[in-house]
Amino acid sequence: MQDKVVIKDLYKIFGPEPDEALALLEQGLSKDAIFERTRTTVGVQKANFSIREGEVFVVMGLSGSGKSTLVRMLNRLIEPTRGQVIVNGHDITQMSKKQLIEMRRSTMSMVFQSFALLPHKTVAENAAFGLNVSGASKTEQRDQAMRALETVGLAPNADSYPDELSGGMKQRVGLARALATEAPILLMDEAFSALDPLIRTEMQDELVRLQETEAHTIVFISHDLDEAIRIGDRIAIMEGGAIVQIGTPEEIVTKPANDYVRSFFYGVDVSKVFNAGDIASKSLLAVFERTGVNLRSALAQLRDHRGDVAVVIDRGGQFRGLVTVNSLAAAAASDNPQWEAAFLKDAEPVPAEMELSEVLTRVTASERPVPVLDADGRYRGVVDKTILLHTLDKTT
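Every value quoted in this text rests on a predicted model; they were computed, and no experiment measured them.

Focus on the nonpolar core
Step number 1: The biggest cluster of nonpolar side chains holds 62 residues, and the ones touching the most others in it are Met188, Phe220, Ile237 and Phe265.
Step number 2: Residue contributions to this core reach at least three from each of two domains, namely domain 1 (53–270) and domain 2 (278–395).
Step number 3: Ignoring any residue separated from it by four or fewer positions in sequence, one finds methionine 188 in contact with Val111, Leu175, Leu207, Ile218, Val219, Phe220 and Ile221.
Step number 4: Listed in part, the 28 residues of the second largest apolar core include Phe57, Leu70, Val85 and Ile92.

Written as structure tokens, this is what we have:
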């Protein structure tokens with residue numbers, strides 16, 4: 001997966017003495033100390049990271065941490081004080097006004113917290129607003145707006161007006177307006193925070209569904225931990241204008257960089273963070289079903305291993321079944337020894353994508369480890385009660 005956006009040494013200083021503030025930052029002074037001395041505010045400092053094509057990159061932080069300033073520098077709604085924002089290999093900090101306008105029209109769209117719909121225009125006209133500004137033909141505006149409205153489930157409301165829509169529907173129009181430009185990068189600044197919890201969850205689901213059908217590169221600003229975990233491929237945590245940690249939800253929950261990050265995730269329900277594949281362990285003996293490995297040799301391996309349960313895998317890594325000392329011995333003693341006769345009938349595998357809350361139910365009800373398979377049926381490991389207890393204890 002290649003990098004779509006690359007940020008290098010990006011700073012934003014608000015106020016009359018940006019050079020002095022930069023010099024004080026290099027000396028190690030804090031954001032508050034610099035403000036006291038210069039009346040200058042450090043918005044973002046020394047940001048260095050990349051955003052991969054097709055991922056949802058969530059930026060979190062307390063109020064005043066710099067997250068909204070950061071996202072607005074990505075399309076130069078706020079001018080950086082220093083640094084580079086490289087999009088598709090081009091540094092937008094060096095673009096002319098004409099080039100910047102074209103980049104905003106074709107490459108990067110933005111969805112704001114406020115719906116900002118024009119009350120005198122229909123839903124379709126609002127969705128086509130960016131295309132209208134860029135000079136697209138009426139036919140092109142209508143066609144692309146309708147495709148975007150179809151994507152967010154509002155095509156039947158195309159000729160309605162904003163005052164006829166619910167809050168969630170209005171935000172869908174805002175999302176459709178960004179999609180209608182067919183820009184591959186979406187910047188979303190707390191786009192769902194004005195919605196009530198139920199509608200917010202529906203919009204998060206809508207975004208996840210959209211990514212599955214037509215992946216965009218999304219930078220999503222949020223202060224909501226559940227939202228970040230729900231939609232984010234990676235999360236960046238900001239404090240005092242600086243990015244203090246970037247990682248997957250699992251990485252940040254299990255290995256927080258400092259107490260500030262830990263405070264965000266302390267006590268988080270890890271069943272919302274991990275899935276079966278994240279915690280699967282290959283601790284069981286693996287017996288490969290191939291020429292020269294029969295039931296008796298598998299039984300000998302398991303006894304030598306001093307275990308009771310083993311997993312059987314074919315040459316391609318495909319899961320075949322679970323076996324025990326007793327099931328192997330019984331099958332080997334039969335007149336026609338077959339692997340299928342040794343497989344435990346109640347060893348039902350689970351997909352790697354299964355949420356931990358559902359895995360917990362399966363493991364609790366099973367006397368033996370539960371096999372975990374990827375989408376192609378390949379063996380990823382097992383989950384048992386010990387693994388679950390260890391995972392659930394990670395943030396306590």
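Some remarks on the layout of surface pockets
Step number 1: In this structure, the largest pocket encloses a volume near 980 Å³.
Step number 2: Residue lining of the largest pocket: 32 residues in total, with Val208, Ile229, Arg230, Ile231 and Glu355 positioned closest to the centre.
Step number 3: Elements supplying a minimum of two residues to the lining of the largest pocket: helix H9 (197–213), helix H10 (225–231) and helix H11 (249–254).
Step number 4: Looking at which element gives the most residues to the lining of the largest pocket, the answer is H9, with nine residues.
Step number 5: For the lining of the largest pocket, the residue count by class is ten nonpolar, nine polar and 13 charged.
Step number 6: Counting the residues that make up the lining of the largest pocket, at least three belong to each of domain 1 (53–270) and domain 2 (278–395).
Step number 7: Looking at the second largest pocket, its volume works out to about 560 Å³.
Step number 8: In this structure, the second largest pocket is lined by 19 residues; those nearest its centre are Arg104, Ser109, Met110, Phe129 and Gly130.
Step number 9: Of all elements in the fold, only helix H4 (97–106), strand S6 (108–111), helix H6 (129–133) and helix H8 (167–180) reach the threshold of two or more residues within the lining of the second largest pocket.
Step number 10: When its residues are assigned to classes, the lining of the second largest pocket shows ten nonpolar, six polar and three charged.

What counts, and where the lines are drawn
- Residues numbered from 1 in each chain as written.
- Predicted model: local features only at pLDDT ≥ 70, side-chain atom pairs only at ≥ 80, totals over all residues.
- Heavy atoms only, no water.
- Core = buried A, V, L, I, M, F, W, Y, C linked by side-chain atoms within 4.5 Å.
- Buried < 20%, exposed > 50% of the residue type's maximum accessible area, 1.4 Å probe, protein only.
- Domains from an automatic or database assignment.
- Contact = heavy atoms within 4.5 Å.
- 1 Å grid on protein atoms, 1.4 Å probe; cavity = no way out; pocket = protein on both sides within 12 Å on 5 of 7 lines; lining within 4 Å.
- Points joined across faces, edges and corners; volume = space filled by probe spheres on them.
- Helix = DSSP H or I, 4+ residues; strand = E, 2+ residues; numbered from the N terminus.
- Nonpolar A, V, L, I, M, F, W, Y, C, P; charged D, E, K, R; others polar.

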